[in-house]
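Now for the letters of each chain:
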Amino acid sequence: MNRAHWVGILSVVWVVTLAASGCGDGSGEPAPQDAGQDMAQDTTPDMGPQGEQACSNGVDDDEDGLVDCADMDCRQADGCGPIIFGVDELSQGTIGTTPGGSLHSVDALCNSKANEIPGLRGGGWVAVFGNEVETTKERVGEVEGPVYNTANEVVVGADGNLFDPEASLEATILDRDQQAFSSGTYMWTGSNADGTLPQGDAADTTCSGWTVSDSGSEGVAGDASSVDNWLAGPSRACNEMLGLYCLSR
Ligand SMILES: [Ca+2]
Ligand SMILES: [Ca+2]
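Residues numbered from 1 in each chain as written. Chains lettered and ligands numbered in written order. Predicted model: local features only at pLDDT ≥ 70, side-chain atom pairs only at ≥ 80, totals over all residues.

1. Regarding the overall build of the chain
Logical step 1: Assigned secondary structure in the chain consists of six helices and eight strands.
Logical step 2: When the elements of the chain are put in sequence order from the N terminus, they spell out α-α-β-α-β-α-β-β-β-α-α-β-β-β.
Logical step 3: Residues counted as buried form 33% of the 249 residues belonging to the chain.
Logical step 4: For the chain, the proportion of contacts with a sequence separation of at least 24, taken over those separated by at least 6, is 57%. (Helix = DSSP H or I, 4+ residues; strand = E, 2+ residues; numbered from the N terminus. Buried ≥ 20, exposed ≤ 12 C-beta atoms within 10 Å, placed from the backbone. Contact = placed C-beta atoms within 7 Å.)

2. Description of the pairing of strand β6 (residues 218-223)
Logical step 1: With six of six residues buried, β6 is to be regarded as a mostly interior element.
Logical step 2: Pairing between strand β5 (residues 186-188) and β6: three bridges, direction antiparallel. Note on β6: the bridge partner recorded for Trp188 is Ala221.
Logical step 3: Sheet analysis places β6 next to strand β7 (residues 235-237), joined by three bridges and oriented antiparallel. Bridge pairing links Glu218 to Ala237 in β7. (Pairing = 2+ DSSP bridges.)

3. Section: the environment of Val67
Logical step 1: If you trace the backbone, Val67 turns up in the loop between α2 (35-42) and β1 (84-91).
Logical step 2: On the basis of neighbour counts, which here come to 15 C-beta atoms within 10 Å, the residue Val67 falls in the partly exposed class.
Logical step 3: Separated by 15 residues in sequence, Val67 and Glu52 place their C-alpha atoms 7.8 Å apart.
Logical step 4: Setting aside residues no more than four positions away along its own chain, Val67 makes contact with Gly58, Val59 and Asp60.

4. Focus: the nonpolar core
Logical step 1: Formed by 44 residues in total, the largest nonpolar core has its most connected members in Ile84, Ala127, Leu244, Tyr245, Cys246 and Leu247.
Logical step 2: Ranked by residue count, the leading element in this core is strand β8 (residues 242-248), at five residues.
Logical step 3: Look past the residues within four positions of Leu247 in its chain and what remains in contact with it is Pro82, Ile84, Trp125, Val126, Val128, Val140 and Val143. (Core = buried A, V, L, I, M, F, W, Y, C linked by C-beta atoms within 7 Å.)

5. Concerning the confidence of the model for the chain
Logical step 1: Across the chain, the average pLDDT comes to 83, with 78% of residues at or above 70.
Logical step 2: Long-range and interchain partners of residues 6-48, a stretch whose pLDDT sits below 50, account for 18 contacts in this model, where long-range means more than four residues apart. (pLDDT = per-residue confidence, 0-100.)

6. Details of unusual backbone geometry
Logical step 1: Geometrically, the link from Gly145 to Pro146 is a cis peptide bond, its omega value of 5° lying close to zero.
Logical step 2: With respect to the element layout, Pro146 can be found in the loop between α4 (136-140) and β3 (147-148).
Logical step 3: Its identity as a non-glycine residue notwithstanding, Asp68 has a phi of 50°, on the positive side.

Structure follows, in structure tokens:
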């Protein structure tokens, strides 16, 4: 076998090896000069992993400038604090439907609304909302900060409490599309700023326990555009279509 034969055989072996590795096109044409370089680049890891890999390691894993809970990737991760959002124009004052009844159907509504937000999951959401059977705070429980809005902005700081009547929110509560509510958008709450039930007749504070939708009755609502009156805003007529705040627990 002469030298020309050996060169021919080695060339065939080289092309077949490249084709088997997925790098050549298998056409028998010589692979481009930079084929080996491209293969090396394909197997080089990206600069950072996809998304924040660990939400409590103090490291910006994906190098996007946002560490742990501050990174949107960590929304709803264990230890990253609850999220609150608002949904407007959901119901007249008849949310409770049953006199003195449970408000769990309202929580189910929050769970279904949360499921519609990309990146969030339903399950464990509660409406920030109360009646004479269960006050808002009894239903929702203690909510220590940090609490985040849907844009992952801190609404209640790490040292704060959602039901602190003296404190303003650090950022407004947003809708499911991370947009602020316009002035004059209200959410039914039936709550004082500290989560307790407002004083007075239920017909004037909770649309009679959230069972009536007449213009002569009223329910306490929060001003969704406000950082101060977001929970305990003005009473609104029970025939208005207002929304709810939903909180992940
Ligand atoms: Ca990050
Ligand atoms: Ca991290």
